[in-house]
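One-letter residues, chain by chain:
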Amino acid sequence: MVIWLVIQIATYLENTVRRFESEDLCYAHGTENARDEAVYLVLCTLGMPFDADTLSLQKPISPEQLELLDERVRCRIEKRIPVAYLVGKAWFAGHSFRCDERALIPRSPIAELIRNRFEPLLKKNPTRILDLCTGGGCIGIACALEFTQSYVDLVDISADALTLAAENVRDHRLGERVTTWESDLFASLPGQVSYDLLVCNPPYVAASELVQLPAEFKQEPRMGLFSEEQGLAIPVRILRQAADFLSPDGLLIMEVGSSSESLLARLGAVPLLWLEFEYGGDGVFALTAEQLQQYRESFS
Ligand SMILES: C[S@@+](CC[C@H](N)C(=O)[O-])C[C@H]1O[C@@H](n2cnc3c(N)ncnc32)[C@H](O)[C@@H]1O
């Protein structure tokens with residue numbers, strides 16, 4: 001005879017919070033503490049909304065659900081797999097995205113800029129937008145959802161990441177306005193295209209920093225994090241070429257995160273405009289097409 005011990009969702013949730021709190025876990029992939037992490041894992045696994053009411057949380061967990069939850073909690077603790085990969089879902093700029101090991105977990109502060117429609121930086125609604133280093137497509141897709149008349153190109157060098165991006169494009173029914181391109185930065189893009197907005201979260205982690213990152217980051221594709229030359233090789237390649245792909249009024253928004261100090265040291269004379277965020281994050285700057293043209297020599 002199989003004995004099924006009834007456990008309520010609320011009880012399982014509290015137990016998970018306590019287990020996470022007693023472990024040395026890193027919260028850097030969409031949550032900031034053990035409670036939010038447990039809510040993310042438990043409610044997503046059970047297909048429940050994050051604002052589930054108390055009554056729903058009193059419901060019992062079935063044996064099949066319990067088995068799946070236990071396995072995911074174990075993988076979070078023992079293998080340090082981020083919750084987004086375990087549940088296959090992440091949120092960015094208020095939208096939900098498929099998420100798995102083919103691409104980085106969306107977490108860029110650029111989400112806040114998109115929700116604010118890049119005000120006051122953008123003078124008018126962008127018609128053509130490029131999301132360079134798109135990963136699973138979160139930045140470009142969120143832009144397409146915000147600017148409903150725009151056409152968006154998603155570029156990545158990783159075929160796996162682009163397959164995930166294409167799945168996200170399909171989920172959001174944006175196939176007519178959003179296109180994926182497999183390309184080493186600008187190399188395979190048609191030369192005659194000029195974009196009003198180029199948004200980019202490229203790899204910018206230096207080798208010395210990469211080895212020190214918590215185990216959770218090692219679950220993500222190395223290609224999405226690592227860049228040579230103290231993290232600056234890819235960002236500077238983009239700066240060198242961006243002016244050729246922007247319209248005269250165009251704007252570049254780029255995240256360089258922890259490499260912002262090295263970038264400042266390398267490009268001292270360039271007037272990078274560092275942006276401030278209400279909901280946290282830093283290391284994102286803006287440059288106009290005009291400035292990219294004017295300071296082109298500095299990027300060589
Ligand atoms: C930091 S991840 C950003 C993913 C996504 N945009 C986000 O914000 O979550 C950087 C992405 O750049 C891609 N990448 C790395 N080198 C590249 C290159 N030379 N050309 C195009 N994409 C590249 C990686 O495959 C990875 O998907």
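A brief report on the enclosed structure follows. (Residues numbered from 1 in each chain as written. Predicted model: local features only at pLDDT ≥ 70, side-chain atom pairs only at ≥ 80, totals over all residues.)

Concerning the environment of Ile-157
This is how the line gets drawn: Starting at the N terminus, helices and strands are each numbered in turn, a helix being any DSSP run of H or I of at least four residues and a strand any DSSP run of E of at least two. Exposure classification rests on a simple neighbour count of other C-beta atoms within 10 Å of a residue's own: a residue reaching 20 or more is buried, one at 12 or fewer is exposed, and one in between is partly exposed. C-beta atoms are placed from the backbone.
Looking at the secondary structure, you find Ile-157 in the loop between β4 (151–156) and α8 (159–171). Its 16 C-beta neighbours within 10 Å are what place Ile-157 among the partly exposed residues. Ile-157 sits 46 residues away from Pro-203 along the chain, and the two C-alpha atoms are 12 Å apart.

As for the pairing of strand β1 (residues 89–92)
The side chains of a regular strand alternate, residue by residue, between the two faces of the sheet. Stated formally: Whether two strands pair comes down to DSSP finding at least two bridges between them.
On β1, burial follows the alternation: Ala-90 and Phe-92 on one face are buried, whereas Lys-89 and Trp-91 on the facing-out side are not. Two strands pair when backbone bridges link them, and β1 and strand β2 (residues 95–98) are joined in this way by four bridges, in the antiparallel orientation. Its bridge partner lying in β2, Trp-91 is registered against Ser-96. Turn length for the β1-β2 hairpin, with the two strands adjacent in sequence and antiparallel, is two residues, and the turn residue Ala-93 shows positive phi of about 50 degrees.

A look at the environment of Leu-86
This is how the line gets drawn: Contact between two residues is assigned whenever their backbone-derived C-beta positions fall within 7 Å.
Relative to the assigned elements, Leu-86 resides in helix α5 (residues 83–87). The sequence separation of Leu-86 and Pro-248 amounts to 162 residues, and the corresponding C-alpha distance is 44 Å. The residues contacting Leu-86, other than those within four sequence positions of it, are Leu-41, Arg-72, Cys-75, Arg-76 and Ile-81.

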